Amino acid sequence: MLSDACGSAEHVPALLDRFGDDPSGVWSELMDHLCPQLDQAFSASYAALPRLAELASGCAPDDRVWVLQAAGAIMACAHTGDDVFKVYADSIADLHRLTDQCLGEIRDRYVYLLQSLLSFEGVEVWDRCLEGLLTGEYEVACPSCGVNVFIVIGEGGCFSASDDYASRQVERVALLPVGTGELDGLGERLQERTRADGQMALAGGLPYLFGRAVCPDCRTHFSVADQLARNWMPM
Ligand SMILES: [Zn+2]
């Protein structure tokens, strides 16, 4: 018996039909059932992937973003090596292909869709926390002294601060970005992808996200990405 956040999942097929008719309108209701707070998935959530793949292939790009994002949020709850990657491999491959296409066609919600692409590949951490580049702020713990450090990557500057920098005068320590051409692995791939899709603001933030920060309290240098990964470990 499949279950969702509310218990029995009997009503999910009808809910998916309504979602297919009006993805942006029914998005919240669907997520309440299949992926509440975007951080918990249920048997009915994964079982919905084939239907979501079908809906995504049949709708216009503006609607498709919502469908792909719903599937991406569900897959972001799975961990590398989970059975769902095997059981739903065909649907996940379809969702990945559609997301890959859709990324070049949309402006809005781009970063969420990029996270979905990563979630279909089983990439952890970054399938949830790239979107911090939109708000321009991350919060991590200093690996040495443990103090909370705000990492700000935005138009107003790229710096770390240990206290509420927005409402108070506190020290801002410049972030140390990765040098031009020195990004590698996932960082390099994300930079190539965002540039190719014309997402220059996101592309410009990546050297800072994959660069280093200095703790304003104890002056320890640390990797921003490593600290984010530590904070975002699956519970
Ligand atoms: Zn520190």
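Note that the coordinates shown come from a computational prediction; the quantities given were computed from them, not determined experimentally. (Residues numbered from 1 in each chain as written. Predicted model: local features only at pLDDT ≥ 70, side-chain atom pairs only at ≥ 80, totals over all residues. Heavy atoms only, no water.)

Draft legend 1. Region of interest: the sheet that holds strand β4 (residues 148-154). Judged by pairing direction, the sheet is antiparallel, and its 4 strands sit side by side in the order β3-β4-β5-β6 without closing on themselves. Strand pairing shows two members of the sheet lacking a second neighbour, β3 (137-141) and β6 (173-174), which therefore form its edges. Bridging between strand β5 (residues 157-161) and β6 involves 2 bridges; their strand directions are antiparallel. Residue pairing across strands places phenylalanine 159 opposite alanine 174, the latter belonging to β6. (Pairing = 2+ DSSP bridges. Helix = DSSP H or I, 4+ residues; strand = E, 2+ residues; numbered from the N terminus.)

Draft legend 2. Looking closely at the pattern of salt bridges. A full pass over the atoms with the stated rule returns 8 salt bridges. For glutamate 121, the salt bridge is made with arginine 189, and the minimal N-O distance between the two is 2.8 Å. Of this pair, glutamate 121 sits in the loop between α8 (110-120) and α9 (126-129) while arginine 189 sits in helix α11 (residues 185-196); the two residues are 68 residues apart in sequence, bridging distant segments of the chain. Judged by relative accessible area, glutamate 121 falls into the partly exposed class, the value being 33%. Assessed through its relative accessible area of 36%, arginine 189 is described here as partly exposed. In this structure, the salt-bridge partner of arginine 193 is aspartate 197, at a minimum N-O distance of 2.9 Å. (Salt bridge = Lys/Arg side-chain N within 4 Å of Asp/Glu carboxyl O. Buried < 20%, exposed > 50% of the residue type's maximum accessible area, 1.4 Å probe, protein only.)

Draft legend 3. Structural context of the domain arrangement of the protein. When its domains are assigned, the protein resolves into domain 1 (3-128) and domain 2 (132-231). Taking only C-alpha atoms into account, the centre of domain 1 sits 28 Å from that of domain 2. On the domain 2 side, the residues contacting the 15 residues of domain 1 number 15 residues. Between domain 1 and domain 2 lies a buried interface of about 1,300 Å² when both sides are counted; carbon and sulfur atoms form 64% of it. Taken together, the links from domain 1 to domain 2 amount to 2 salt bridges. (Domains from an automatic or database assignment. Contact = heavy atoms within 4.5 Å. Buried area = accessible area lost by both parts, 1.4 Å probe.)

Draft legend 4. Focus on the state of the cysteines. This structure, assessed with the given rule, holds 0 disulfides. Cysteine cysteine 35 is unpaired, with the sulfur of cysteine 77 as its nearest cysteine sulfur at 3.7 Å. Judged by its relative accessible area of 0%, cysteine 35 is buried. (Disulfide = S-S within 2.5 Å.)

Draft legend 5. Inspection of the coordination of the zinc ion at higher detail. Looking at the zinc ion, one finds its protein donor set to be Cys142 (SG), Cys145 (SG), Cys215 (SG) and Cys218 (SG), positioned 2.3 Å from the metal centre. Around the zinc ion sit 4 donor atoms, and with donor-metal-donor angles ranging over 104 to 115 degrees the site reads as tetrahedral. For the zinc ion, the single-chain donor residues occur in sequence as C-x2-C-x69-C-x2-C. In this structure cysteine 218 comes out as partly exposed when scored by relative accessible area, which is 32%. (Donors = N, O, S within 2.8 Å, 3.2 Å for Na, K, Ca; no water. Tetrahedral: all angles 85-135°; square planar, octahedral: opposite > 155°, others 65-115°.)

Draft legend 6. The arrangement of the side chain of serine 91 in detail. Its location among the elements puts serine 91 in helix α7 (residues 89-103). When near neighbours in sequence (up to four residues on either side) are disregarded, serine 91 contacts Leu49, Pro50 and Ala53.

Draft legend 7. Local environment of the packing of aromatic side chains. Tallied over the entire structure, the rule returns 4 aromatic pairs. When the ring of phenylalanine 159 is compared with that of tyrosine 165, the centres are 5.4 Å apart and the planes differ by 80 degrees; the resulting orientation is edge-to-face. The exposure class of phenylalanine 159 is buried, given its relative accessible area of 6%. Exposure remark for tyrosine 165: the relative accessible area of 13% places this residue in the buried category. (Phe/Tyr/Trp six-rings, centres within 6.5 Å; stacked < 30°, edge-to-face > 60°.)

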